[in-house]
Each structure stands twice: as C-alpha cells, then as structure tokens.
Amino acid sequence: CALPISLYGLGVLGAFFFAWLFSRTLMRHAATPMILEMPSYKWPAFGSILVQVWQRARLFLQRAGTVILGLSILIWFASTYPKTDTDDSTLALENSIAGQAGKLIEPLIEPLGYNWKIGIGLIGSFAAREVFVSTLSVVYAVESDDEEDLAPLRQRLREDTRPDGTAVFTPLVCLSLLVFYVFAMQCISTLAIVKRETNTWKWPLFQIGYMTGSAYLLSLAVYQIGTALGY
C-alpha cells in the first residue's frame with residue numbers, strides 16, 4: 001500500500017516541479033486576470049452518475065481493449081518473425097524483429113538495469129503503458145487460460161537471469177521501472193489530443209522529450225545509487 005501511494009506522491013511532486021519550472025522559463029509572461037462564473041451547485045441525479053460512469057468505462061474499455069489487442073498482435077508478429085531454424089526460443093526471439101529492436105536500444109537502457117527483453121516492453125508501451133504487461137507475456141511466451149492470472153508471468157520473470165547468472169528482475173530494477181513509468185510519456189491518444197489542441201507537432205514532441213528524458217534520468221539515479229549502496 002505504501003509503494004503505490006509513494007509513486008502517486010512522486011508524480012504529484014513532479015507535476016508541481018515542472019509547473020514551477022515552466023512558469024519561470026517557457027511560460028514566463030505577465031499575469032493575465034481570469035474571471036470564472038461559478039454555477040449553482042446541486043446534488044447530481046443518481047441516474048446521471050450511472051450513465052456517465054457507464055459511458056466513460058465503455059470508452060476506456062474500447063480504447064484500451066483495441067489498443068492492447070492490436071499492439072499485442074503486432075508484438076507477437078515482431079517477436080516471431082523472421083523464423084529461425086533453431087529450437088532455442090531465446091535465440092529465436094533475439095533474431096526476431098522485436099529482439100533486434102530490443103538489442104538496438106539495450107546499450108541505452110542497460111545503465112537503468114534493463115536488458116533487451118525489457119527494452120521490447122518499453123518500445124511497445126510507448127503507445128500505451130498498459131501494453132507493457134501483455135508485451136512481456138508475449139516476449140516470455142507465457143500462455144494462460146485466464147488473462148487476469150499473472151502468476152505464470154511472475155514465475156518466468158523470477159527465473160530470468162543475465163549471462164552472469166544474476167536475476168534480471170531484482171527489487172531495484174523493478175523500482176527503477178516504476179519510477180520510469182511515473183514520468184515517461186506513453187500514451188498516443190494524449191499526444192494526438194495535444195497535437196489537435198495546439199495545431200502543431202512542436203508541443204507533443206517537446207512533451208515526449210522532456211517527460212521521457214526526466215524518466216530516464218530519475219530511473220538512472222535510482223538504479224545507480226541503489227547499486228552503489230549495495231542493493
């Protein structure tokens with residue numbers, strides 16, 4: 001319970017920090033007076049609340065479901081092809097499109113404690129962070145009749161080791177990942193909205209840059225300081 005609250009708190013502090021920073025740099029200008037007319041407050045109708053909740057939940061499930069399913073299919077294809085004449089599943093994955101992409105960014109993410117398999121998950125989750133878990137399920141070839149049952153995936157992650165025999169998913173690596181996901185910009189729909197509202201690609205690209213850069217630096221600090229302290 002303490003960890004989720006801490007992550008939410010970290011996100012809030014980050015939002016306040018960047019708001020303070022941008023108000024004194026990019027958005028620095030004379031204060032503009034604002035007049036806001038407040039409506040008369042009334043108790044909402046219970047039926048209206050149910051309708052609003054249903055509409056929002058349906059829209060989220062439609063968006064999340066289609067995005068996750070579509071990206072999972074693409075990631076499965078990328079992690080399966082081109083076919084390699086070998087019985088070694090790890091070697092076959094390394095030689096696939098997804099494996100090569102993960103290997104390409106591995107030198108960049110290795111200081112964060114991540115390997116090329118985690119790199120594949122990071123690439124997929126830039127479309128939507130919810131895809132990270134399903135991407136790892138594809139990468140680690142986890143099959144389960146119950147989509148909500150994460151026990152097989154957890155077991156595969158615990159068993160994954162580096163070439164020197166040490167575990168990949170240590171508590172420090174997992175903490176580094178959590179910090180990365182607190183700050184990283186990973187939502188295509190949000191970027192599309194920013195592009196539509198600003199009518200330029202400048203701000204969406206800036207959003208990707210500063211948020212991903214911040215996520216990288218903070219995750220780097222977490223992993224390197226934790227490693228130096230012996231964790």
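Reading guide: rules and limits
- Residues numbered from 1 in each chain as written.
- Predicted model: local features only at pLDDT ≥ 70, side-chain atom pairs only at ≥ 80, totals over all residues.
- Heavy atoms only, no water.
- Salt bridge = Lys/Arg side-chain N within 4 Å of Asp/Glu carboxyl O.
- Helix = DSSP H or I, 4+ residues; strand = E, 2+ residues; numbered from the N terminus.
- Buried < 20%, exposed > 50% of the residue type's maximum accessible area, 1.4 Å probe, protein only.
- Core = buried A, V, L, I, M, F, W, Y, C linked by side-chain atoms within 4.5 Å.
- Contact = heavy atoms within 4.5 Å.
- Axes fitted to C-alpha atoms, helices over the stretch in contact; angles between N-to-C directions.
- Parallel < 35°, antiparallel > 145°, perpendicular 65-115°, else oblique.
- Nonpolar A, V, L, I, M, F, W, Y, C, P; charged D, E, K, R; others polar.
- Phe/Tyr/Trp six-rings, centres within 6.5 Å; stacked < 30°, edge-to-face > 60°.
- Lys NZ or Arg CZ within 6 Å of the ring centre and 35° of its normal.

(A) Representation of the pattern of salt bridges within the structure. Under the criterion given, the structure shown has four salt bridges. Between E106 and K103 there is a salt bridge, and its shortest N-O distance comes to 3.9 Å. You can see E106 and its partner K103 sitting in helix α4 (residues 97-109), three residues apart, about one turn around the helix. On the basis of relative accessibility, which here comes to 31%, the residue K103 falls in the partly exposed class. Sharing partners across several salt bridges, the network here consists of E94, K103 and E106.

(B) Molecular detail of the nonpolar core. Ranked by internal contacts, the top residues of the largest apolar core, which has 29 residues, are Y114, I118, L122, Y140, F169, L177 and F180. For this core, the secondary-structure elements that each account for two or more residues are α4, α5 (116-125), α6 (131-139), α7 (151-159), α8 (171-183) and α10 (202-228). Here the element with the most residues in this core is α8; it accounts for seven residues. Setting aside chain neighbours within four positions, we find F180 in contact with Y114, L122, F126, Q186, A215, Y216 and S219. Residues L71, I75, A127 and A128 belong to the second largest nonpolar core, which totals five residues.

(C) A look at the packing of α4 against α5. Where α4 meets α5, the axes come as close as 7 Å, and the angle between the chain directions of the two elements is 105 degrees. Between α4 and α5, the angle falls in the class roughly perpendicular. Contacts between α4 and α5 involve A98, G99, A101, G102, K103, I105, E106 and I109 from the former and W116, G119, I120, L122 and I123 from the latter. For the contact of α4 with α5, the per-class residue count stands at eight nonpolar, three polar and two charged.

(D) Structural context of the packing of aromatic side chains. Under the defined criterion, the tally for this structure stands at 13 aromatic pairs. Considering the side-chain rings of F180 and Y181, the 5.8 Å spacing of their centres and the 80 degrees angle between planes classify their relative orientation as edge-to-face. For the pair F206 and Y210, a centre-to-centre distance of 5.2 Å together with 35 degrees between the ring planes defines the contact as tilted. Note that F206 and Y210 are positioned in helix α10 at a spacing of four residues, about one turn of the helix. When its relative accessible area of 30% is taken as the criterion, F206 is described as partly exposed. The ring of Y81 carries the charged tip of K83 above its face, separated from the ring centre by 5.5 Å.

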